[in-house]
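Spelled out from the first residue to the last, the chains are:
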Amino acid sequence: GEHTTPDEEPIETAKRGISEELGDDLLDEIKSIQNLTETPQYLVFDWGHRVDRQLTYIWHAQLGKRHEDLHLVLDDEVANHKWLDMDKLKKQLRKEINGTHEVFCVPTETEYYVNMINTTKLPPER
């Protein structure tokens, strides 16, 4: 998700988020972007020093290259990223639901993401 500006279409918000957080070069590498939610989701993130509240769609972006071959320019929000294939992501989210893993995202949303991934038709991974 990404904060949406008032004059911005949701797909443009997703592209802007990719550009701002991962670098402008990635815009040319987008193979597909799929909205995973029919309506915007209200999310609250407590970072300790500030609380972020956002109404946002959740997106799946598929890139045309493997992450090892991409030039990433990471901002502070994603500097400690970890790339996971979809099966590893599902396993990690299940571990969090069971309380056996470090937090991946907002804990109250974790099960929602697992259900969303399981019911969404995502493009096949290469």
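Just so you know, these numbers come straight off a predicted model, no measurement behind them. (Residues numbered from 1 in each chain as written. Predicted model: local features only at pLDDT ≥ 70, side-chain atom pairs only at ≥ 80, totals over all residues. Heavy atoms only, no water.)

## A closer look at the overall build of the protein chain
Then comes step 1: Of regular secondary structure, the protein chain possesses 3 helices and 4 strands.
Then comes step 2: Listing each helix as α and each strand as β along the protein chain from the N terminus yields α-β-β-β-β-α-α.
Then comes step 3: Classification of the 126 residues of the protein chain by burial places 31% in the buried group.
Then comes step 4: Accessible surface for the protein chain amounts to roughly 8700 Å². Of this, 49% is attributable to carbon and sulfur atoms. (Helix = DSSP H or I, 4+ residues; strand = E, 2+ residues; numbered from the N terminus. Buried < 20%, exposed > 50% of the residue type's maximum accessible area, 1.4 Å probe, protein only. Areas by Shrake-Rupley, 256 points an atom, 1.4 Å probe, with all protein chains shown as cover.)

## So, helix α1 (residues 10-22)
Then comes step 1: Between its first and last C-alpha atoms α1 spans 18 Å; for 13 residues at 1.5 Å apiece the expected length is 18 Å, and the two agree.
Then comes step 2: Buried within α1 are the following residues: T13, A14, G17, I18, S19, E21 and L22.
Then comes step 3: In this fold, the buried residues of α1 make contact with β1 (30-35) and β4 (59-63).
Then comes step 4: Positive backbone phi, approximately 115 degrees, marks G23, located one or two places after α1. (Expected span 1.5 Å × (residues − 1). Contact = heavy atoms within 4.5 Å.)

## Focus on the pattern of salt bridges
Pairing between side chains becomes possible if they bear opposite charge and their charged atoms approach one another.
Then comes step 1: As enumerated under the stated definition, the model contains 4 salt bridges in all.
Then comes step 2: R16 serves as the salt-bridge partner of E8, at 2.8 Å between the closest nitrogen and oxygen.
Then comes step 3: Taking relative accessible area as the criterion, E8 reaches 16% and is therefore assigned buried.
Then comes step 4: Close ionic contact of R66 with E68 constitutes a salt bridge, the shortest N to O distance being 3.3 Å.
Then comes step 5: By sharing partners, the salt bridges in this structure join E8, R16 and E20 into a single network. (Salt bridge = Lys/Arg side-chain N within 4 Å of Asp/Glu carboxyl O.)

## Description of the side chain of S19
Then comes step 1: Note on placement: S19 falls in helix α1.
Then comes step 2: Polar contacts involving the side chain of S19 include one to the side chain of D24, which spans 2.2 Å.
Then comes step 3: Setting aside its immediate chain neighbours within four residues, S19 contacts D24 and L27. (Polar contact = N/O pair within 3.5 Å; in protein donor to acceptor, adjacent residues only side chain to side chain.)

## Some points on the confidence of the model for the protein chain
Then comes step 1: Summing up the model confidence of the protein chain, the mean pLDDT is 76 and the portion of residues at 70 or higher is 75%.
Then comes step 2: Here helix α3 (residues 107-119) stands out as the element of the protein chain with the lowest mean pLDDT, 61, in contrast to α1, whose mean of 88 is the highest. (pLDDT = per-residue confidence, 0-100.)

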